[in-house]
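The residues making up each chain are set out below.
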Amino acid sequence: MQSLISALEVRDQIAAGTITATAATTATLDRIKRLDKTLHAYNSTFEESALQQAAAIDQARSAGQPLGPLAGVPFALKDNLCTTFGTTTCSSKMLQNFRSPYNATVVNKLQAAGAVIVGKTNLDEFAMGSSTENSAFGVTRNPWNTQCVPGGSSGGSAAATAAGLCYASVGSDTGGSIRQPASLCGIVGLKPTYGLVSRYGLVAFASSLDQIGPMTRTVADAALVLNVIAGHDALDSTSWPDPVPDYLHDLDVPLREVRIGLPAEFETEGTSPQVAQAVKAAVDFYKSQGARIVPVELPHMRYGIAAYYVIAPAEASSNLARYDGVHYGHRTAAPQDLYDLYAASRAEGFGPEVQRRIMLGTYALSSGYYDAYYVRAQQVRQLIKQDFDAAFKKCDFILGPTSPTAAFEIGSKSGDPLQMYLCDVFTVTCNIAGIPGMSIPCGFSTDGLPIGLQILGPTFSEARMLRLARQYESHHDWHKRQPPIQ
Amino acid sequence: MANAPSNLLDEKQVRHVAKLARLKLTDADVPRFSQQISSILQYIAQLQQVNTTGFEAMSHPLPLTNVLRADEVKPSLPVQQVLQNAPSSEGPFFTVPQVLDATLGGG
């Protein structure tokens, strides 16, 4: 079994001429052919255009032209990012044949950096879910145990990255959709501060919560990808205008006198003892490195899931109103009239979870209930944000579990929407407050399933957060373990 | 003052909300959605316990307001590209089933 190397390493090898971009891409495509029948991490692959992009990189290198920071790196995109090549399906029947007339800003940036796009990865339909079981095209399997889910909604990106079906990927995170699958698949996942990465061309789910971020096998790769995708974009009016730092700079320099906050609220009954133990060991590591551990309070965290399941469906019901069977997407075969065209096309095109959230959001926004549900949830959102503001006066970062449990078996939660929603109990408040959060591997369960450590920080603290994560990674080898599927 | 929500969505309400949301539910969908959404609403009801008096509703995480750009004409997508995903189109138009009663005539 060949050991998987990082995106940074393969990039450097290509730049040094040790291997060609074509060879790296061919090997990745071969691996996809061999393993993806089992995993189903990809909705689509681009063999021909990937090999063309790789050949162009090899040619540029032999001509002595400057190479981009991701030159020749086989890369995967979550299938809710618009691309002019292939389809952009959101794992929905609604968009099964949708071909975007434009690229998402992150896609343009990745391609300009030389990334070789090998395919687009599976997700819960329209990014709504925590297991990738809500995909209209079938579940993705966890490479550590194919009976288990990879997490979601960016489960395809997590599984592909963990199994070496790409060197790095980008996902989107609305309530945990990068961090939770990263945790369940044993990789690094970073949800940046709201506004750091342009959302232009990300198919909208809940616009005030959605954010695109890296999913990688190492912390340095997350910094490398963030360097490429972060920064202001005039095409996204919620994009933050300040310049961004070089996230690789000083990455290996440990933070000094860091204060780590441990909220009592993270100790919930639902957390498995093995997860709690792995997180505690990580905290002890930081303590041994000189970090000061401070107790902090997040008293409104317990209302996070409730507030999220008003705000996110409310925004989704509005965002998904555009799928009307007229402009693009699925259209019913024989509508009786215009109303029927809308209602039948939407009922046929959307799966059960998407319909459930549209219903919930429509109800929360409907006349007579708007104040009781939507306004109140937004007030609680304010309180959750103020909790974090107060906590980050006492500490630099907050540590805890990413997910209360390791990966669970396919089918074990899909019958009960509320149980599935509770998978995100530790991740949603980060989106609600707009702060950055990341998950890094911090151990394995006795069943051999990965466990993730979540780091939360104040807005725009990504550079320091990555250094904190790298400090842990450089003293542990969880990230070097490879899933049994080979 | 807002209605005090009952935190239950009965089958009649499910049909009403589905109509607002433009979703054509089957008869089997209705009781299932009623049960599932009611159980979610009962969970969400805990928001009513929070004292939110005096706290402003937060719609957005960043203090970005009135993001403006110069009002300049720029090229947009060609019509053909805009229509490339349309399930049905004619010339430069999206087509839909007839909306106006043909017997009313025109002109």
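Just so you know, the residues in each chain are numbered from 1, in the order the chain's sequence is written. Note on labels: chains are lettered from A, ligands numbered from 1, in written order. Local features in a predicted model are, by the rule used here, given only for residues with pLDDT of at least 70; side-chain atom pairs are given and counted only at 80 or more, and totals for whole chains, interfaces and linings are based on all residues. Side-chain measures were taken over the full set of non-hydrogen atoms in the model, leaving aside hydrogen atoms and water.

Quick word on the overall build of chain A
Definition in use: Secondary structure elements are defined from DSSP: runs of H or I of at least 4 residues count as helices, runs of E of at least 2 residues count as strands, and each element is numbered from the N terminus. For this measure, only C-alpha atoms enter the radius of gyration; the expected value for a globule follows 2.2 Å times N^0.38, where N is the number of residues. Only protein chains enter the calculation, and the probe is 1.4 Å; a residue is then buried if its accessible area is under 20% of its type maximum, exposed if over 50%, and partly exposed in between. Here a residue-residue contact requires only that any non-hydrogen atoms of the pair lie within 4.5 Å. The positive count covers Lys and Arg only, the negative count covers Asp and Glu only, and His and the chain ends enter neither. Charged groups are reduced to one reference atom each: NZ for lysine, CZ for arginine, CG for aspartic acid, CD for glutamic acid.
Counting secondary structure elements, chain A contains 15 helices and eleven strands. In terms of overall size, chain A behaves like a compact globule, its C-alpha atoms giving a radius of gyration of 21 Å where 486 residues would be expected to give roughly 23 Å. The dimensions of chain A, computed from C-alpha atoms along their principal axes, are 65 × 55 × 45 Å. Within chain A, buried positions represent 66% of all 486 residues. When contacts within chain A are restricted to residue pairs at least 6 apart in sequence, long-range pairs at least 24 apart make up 76% of them. Side-chain charges in chain A split into 38 positive and 43 negative, and the spacing between the mean points of these groups amounts to 2 Å.

Digging into unusual backbone geometry
All names here are of chain A. The residue after glycine 152, namely serine 153, is reached through a cis peptide bond having omega 10°. With respect to the helices and strands, serine 153 occurs in the loop between β3 (116-121) and α5 (155-162). Even without being glycine, histidine 40 reaches a positive phi, approximately 50°. Looking at histidine 40, the relative accessible area reads 18%, which means it is buried. With a phi close to 55°, cysteine 90 is a non-glycine residue in the positive phi region.

Re the packing of aromatic side chains
Heads up, the rule is: Centres within 6.5 Å are what make two rings of Phe, Tyr or Trp a pair, Trp counting through its six-membered ring; a difference in plane orientation under 30 degrees is then read as stacked, over 60 as edge-to-face, and the rest as tilted. Here, a charge over a ring means that NZ of Lys or CZ of Arg falls within 6 Å of the ring centre while also lying within 35 degrees of the ring normal.
Inspection of every chain in the model, using the stated rule, returns 21 aromatic pairs over all chains. Plain terms: the ring middles of Phe126(A) and Phe350(A) are 5.8 Å apart, the flat faces sit at 75° to each other, and that makes the pair edge-to-face. Of the two residues, Phe126(A) is situated in the loop between β3 and α5 and Phe350(A) in the loop between α10 (338-349) and α11 (352-365); the sequence distance between them amounts to 224 residues. Pair check on accessibility: Phe126(A) and Phe350(A) agree, each one buried. Its end group placed over the ring of Phe33(B), Arg32(B) keeps NZ or CZ at 5.2 Å from the ring centre.

Section: the confidence of the model for chain B
Residues and elements named next belong to chain B. Let me state the cut-off plainly: Every residue gets a pLDDT, meaning the predictor's confidence in that residue, from 0 to 100.
Taken residue by residue, chain B gives an average pLDDT of 89. The fraction at 70 or more is 91%. Element-level mean pLDDT values for chain B span from 93 in helix α3 (residues 79-82) up to 97 in helix α1 (residues 11-20). The ipTM assigned to the predicted complex is 0.93, against a pTM of 0.96.

Brief notes about the pattern of salt bridges
Going by this rule: Only one rule defines a salt bridge in this text: a Lys or Arg side-chain nitrogen within 4 Å of an Asp or Glu carboxyl oxygen.
Enumeration according to the criterion identifies 17 salt bridges over all chains in this entry. Across the pair Arg470(A) and Asp252(A) runs a salt bridge, and its minimum N-O distance is 2.8 Å. Within this pair, whereas Arg470(A) is found in helix α15 (residues 462-473), its partner Asp252(A) is found in the loop between α7 (219-229) and β7 (259-263), the two being separated by 218 residues in sequence. Two residues, Lys24(B) and Asp340(A), come together in a salt bridge whose shortest N-O distance is 2.8 Å. You can see Lys24(B) sitting in the loop between α1 and α2 (29-44) and its partner Asp340(A) sitting in helix α10, one on each of two chains. Look at Lys24(B) and you get partly exposed, because its relative accessible area is 40%. Via salt bridges that share partners, Asp252(A), Arg470(A) and Glu473(A) belong to a single interconnected network.

Focus: the interface of chain B and chain A
What counts here: Buried area is understood as the total, over both parts, of accessible area removed when two parts are fitted together, assessed with a 1.4 Å probe. Residues were grouped as follows: Ala, Val, Leu, Ile, Met, Phe, Trp, Tyr, Cys and Pro as nonpolar; Asp, Glu, Lys and Arg as charged; and all remaining residues, including Gly, as polar.
Taken residue by residue, the interface counts 56 residues in chain B and 72 residues in chain A. Both sides together, the interface formed by chain B and chain A hides about 5,700 Å², and carbon and sulfur atoms give 68% of it. Linking chain B with chain A are one salt bridge, by the criterion used here. No other element matches the nine residues that α2(B) contributes to the side of chain B that touches chain A. Of the residues belonging to the side of chain B that touches chain A, the class tally is 34 nonpolar, 17 polar and five charged.

So, the nonpolar core
Quick note on the threshold: Only buried Ala, Val, Leu, Ile, Met, Phe, Trp, Tyr and Cys residues count toward a nonpolar core, and they belong to the same one when joined by side-chain atoms within 4.5 Å.
Phe75(A), Ile229(A), Tyr286(A), Ile455(A) and Leu466(A) are the most contacted members of the largest nonpolar core, which totals 84 residues. A total of nine residues in this core trace back to one element, the largest contributor, which is α7(A). Sequence-distant contacts of Ile455(A), that is, excluding residues within four places in its chain, are made with Tyr286(A), Phe397(A), Ile398(A), Leu399(A), Pro436(A), Gly437(A), Met438(A), Ile440(A), Met465(A), Leu468(A) and Ala469(A). In this structure, Leu95(A), Met128(A), Ile398(A) and Phe33(B) belong to the second largest nonpolar core, which totals 74 residues.

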